[in-house]
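Structure at a glance
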Amino acid sequence: MNKIIQIILLLILTFSQLVFSRSPCTSVMRDEDVPGTDASSPDSSSTLLALLGTSVDDGAVERYVKSLGTRLKNKELKRFPPECVYVNHKSAGLSLCYESGVLDAIHVYAARVDGFLGFKGEVPWGVTLCDDESGDKQRTTGKSIVEKLGEPSAKGNTGGFVFLQYHALGVKFDLESSDWENAEAKVRCVSLWKANAV
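Since the model is a prediction, treat every value here as computed from it, not as a measurement. (Residues numbered from 1 in each chain as written. Predicted model: local features only at pLDDT ≥ 70, side-chain atom pairs only at ≥ 80, totals over all residues. Heavy atoms only, no water.)

Details of the overall build of the protein chain
Quick note on the threshold: Runs of H or I in DSSP of at least four residues are treated as helices and runs of E of at least two as strands, each being numbered from the N terminus. Only protein chains enter the accessibility calculation, which uses a 1.4 Å probe; a residue is then buried when its area is under 20% of its type maximum, exposed when over 50%, and partly exposed in between. Only heavy atoms enter the contact rule, under which two residues are in contact if any of them lie within 4.5 Å.
Across its full length, the protein chain carries four helices and eight strands. The 198 residues of the protein chain split such that 44% are buried. Contacts in the protein chain between residues at least 24 apart in sequence constitute 51% of all its contacts with a sequence separation of at least 6.

Structure representation (structure tokens):
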């Protein structure tokens, strides 16, 4: 019986995220009344951020996915009416969300999160999602995000994990923790969308 209640609560939470988010494709919670953050400006050098807003037919996305060493035919498509399509490249740790044929959001994952392998590409603001085999680079923690970007414009708990969101930057960081007491909780997913000028 407890499993059924957990599943129902998860479905309700997922539905509320879809209803209250910027678009059905973005799984981020928006707080339009929160003023801009004191975080640094978006990392304009990021290839990922440059892809946002491109059309589904734009070759730039295909070239980027190939640059990660991923075979394009290994993608998984998920459609959500009316016009939302997720293109998941699980072997690359990458999920692309198209709304009406335009790349609306990008989600990159750490290894073993929702069936994805770890994203090894460049993430804006120097975030690392894969531990380096030499031990030189470790996955980014929530504490280091706040030290680098300042206090988030929103934070909360969704799907059993806490998150930090920077509305003015167009980014949300999901952490591997269910509470705020773990300052060393590692980033498990980064969601990116085109930030609105604030």
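What to know about helix 3 (residues 59-67)
Which entries qualify depends on this criterion: Taking the helix axis as origin, the arc is that swept by the directions to the C-beta atoms. Residues adjacent in sequence count toward polar contacts only when both atoms are side-chain atoms; beyond that, a polar contact is any pair of N or O atoms within 3.5 Å, and within protein one must be able to donate a hydrogen and the other to accept it.
All of the buried residues in helix 3 are Val61, Tyr64 and Val65. The buried side chains of helix 3 occupy one side of the element, clustering within an arc of 95° when seen end-on. The outward face of helix 3, more than 90 degrees from its buried face, is lined by the exposed residues Arg63 and Ser67. Packing partners of the buried residues in helix 3 comprise helix 2 (47-51), strand 2 (84-89), strand 3 (94-99) and strand 4 (102-109). Of the residues flanking the start of helix 3, the one acting as N-cap is aspartate 58, its side-chain oxygen 2.7 Å from the backbone nitrogen of alanine 60. Just downstream of helix 3 lies glycine 69, where phi reads positive at about 80°.

Some words on the side chain of serine 153
The topology assignment puts serine 153 in the loop between helix 4 (142-149) and strand 5 (154-158). Relative accessible area serves as the criterion here: at 12%, serine 153 is assigned to the buried category.

Regarding the nonpolar core
Just so we agree on the cut-off: Remark: nonpolar core denotes a set of buried residues (Ala, Val, Leu, Ile, Met, Phe, Trp, Tyr, Cys) joined through side-chain atoms within 4.5 Å.
Leu94, Leu96, Ile106, Val108, Phe173, Val190 and Leu192 are the most contacted members of the largest nonpolar core, which has 39 residues in total. Here valine 190 is in contact with Ile106, His107, Val108, Val123, Val127, Leu129, Val171, Lys172 and Phe173, once residues within four sequence places are set aside.

Considerations on the packing of aromatic side chains
Just so we agree on the cut-off: Two aromatic rings from Phe, Tyr or Trp, using only the six-membered ring of Trp, form a pair when their centres are within 6.5 Å; if the ring planes differ by under 30 degrees the pair is stacked, by over 60 it is edge-to-face, and anything between is tilted.
Going through the model one piece at a time under the given rule, you end up with three aromatic pairs. With a centroid separation of 4.1 Å and an interplanar angle of 10°, the aromatic rings of tyrosine 109 and phenylalanine 116 are classed as stacked. According to the relative accessible area criterion, tyrosine 109 is buried, its value standing at 11%. Exposure remark for phenylalanine 116: the relative accessible area of 4% places this residue in the buried category.

Things to note about the pattern of salt bridges
Which entries qualify depends on this criterion: When a carboxyl oxygen of Asp or Glu lies within 4 Å of a side-chain nitrogen of Lys or Arg, that pair is called a salt bridge.
Under the defined criterion, the tally for this structure stands at four salt bridges. Two residues, glutamate 62 and lysine 66, come together in a salt bridge whose shortest N-O distance is 3.4 Å. Within this pair, glutamate 62 and its partner lysine 66 are both found in helix 3, separated by four residues, close to a single helical turn. With relative accessibility at 48%, the residue lysine 66 sits in the partly exposed group.

Brief notes about the pairing of strand 5
Threshold: Two strands make a pair as long as DSSP finds a minimum of two bridges between them.
Here strand 5 shows one buried face, formed by Ala154, Gly156 and Thr158, and one open face, formed by Lys155 and Asn157. Of the strand pairs in this sheet, strand 5 and strand 6 (residues 161-166) are connected by five bridges, and their pairing is antiparallel. Paired with asparagine 157 across the bridge in strand 6 is valine 162. Taken together, strand 5 and the strand that follows it, strand 6, pair antiparallel across an intervening segment of two residues, in which glycine 159 is found at a positive phi of about 65°.

Considerations on the pairing of strand 7 (residues 171-175)
One face of the sheet, then the other: side chains in a regular strand alternate in exactly this way. Judged by how many residues are buried, strand 7 sits mostly within the fold: five of five residues are covered. Following strand 6, the chain reverses through four residues before pairing antiparallel with strand 7; glycine 170 in that reversal takes a positive phi of roughly 70°. Examined bridge by bridge, strand 7 and strand 8 (residues 187-193) share five bridges and lie antiparallel to one another. Across the sheet, aspartate 174 pairs through a bridge with cysteine 189, a residue of strand 8.

Examining the layout of surface pockets
Where empty space is left becomes clear once a probe the size of a water molecule has been rolled over the atoms. Spelled out, the test is: Put plainly, a pocket is an open set of points on a 1 Å grid over the protein atoms alone with protein on both sides within 12 Å along at least five of seven lines, a cavity is a set where a 1.4 Å probe fits but cannot get out, and a lining residue has an atom within 4 Å of a point. Grid points are joined across faces, edges and corners, and a volume is the space filled by probe spheres set on the points. Amino acids are sorted into nonpolar (Ala, Val, Leu, Ile, Met, Phe, Trp, Tyr, Cys and Pro), charged (Asp, Glu, Lys and Arg) and polar (every other residue, Gly among them).
In this structure, the second largest pocket occupies an estimated 300 Å³ of space. In terms of lining residues, the second largest pocket is bounded by 17 residues, among which Val56, Val61, Lys75, Val87 and Tyr98 are the most central. Of the residues assigned to the lining of the second largest pocket, the class counts are nine nonpolar, three polar and five charged.

A word on helix 4
Restricting attention to buried positions, one finds in helix 4 the residues Gly142, Ile145 and Leu149. For helix 4, the angular spread of buried residues about the axis comes to 55°, placing them on one side. In helix 4, the exposed positions angled more than 90 degrees off the buried face are occupied by Glu147 and Lys148. Those residues of helix 4 that are buried lie in contact with strand 6, strand 7 and strand 8. Where helix 4 ends, the next residue or the one after it, glycine 150, has phi of about 90°, a positive value.

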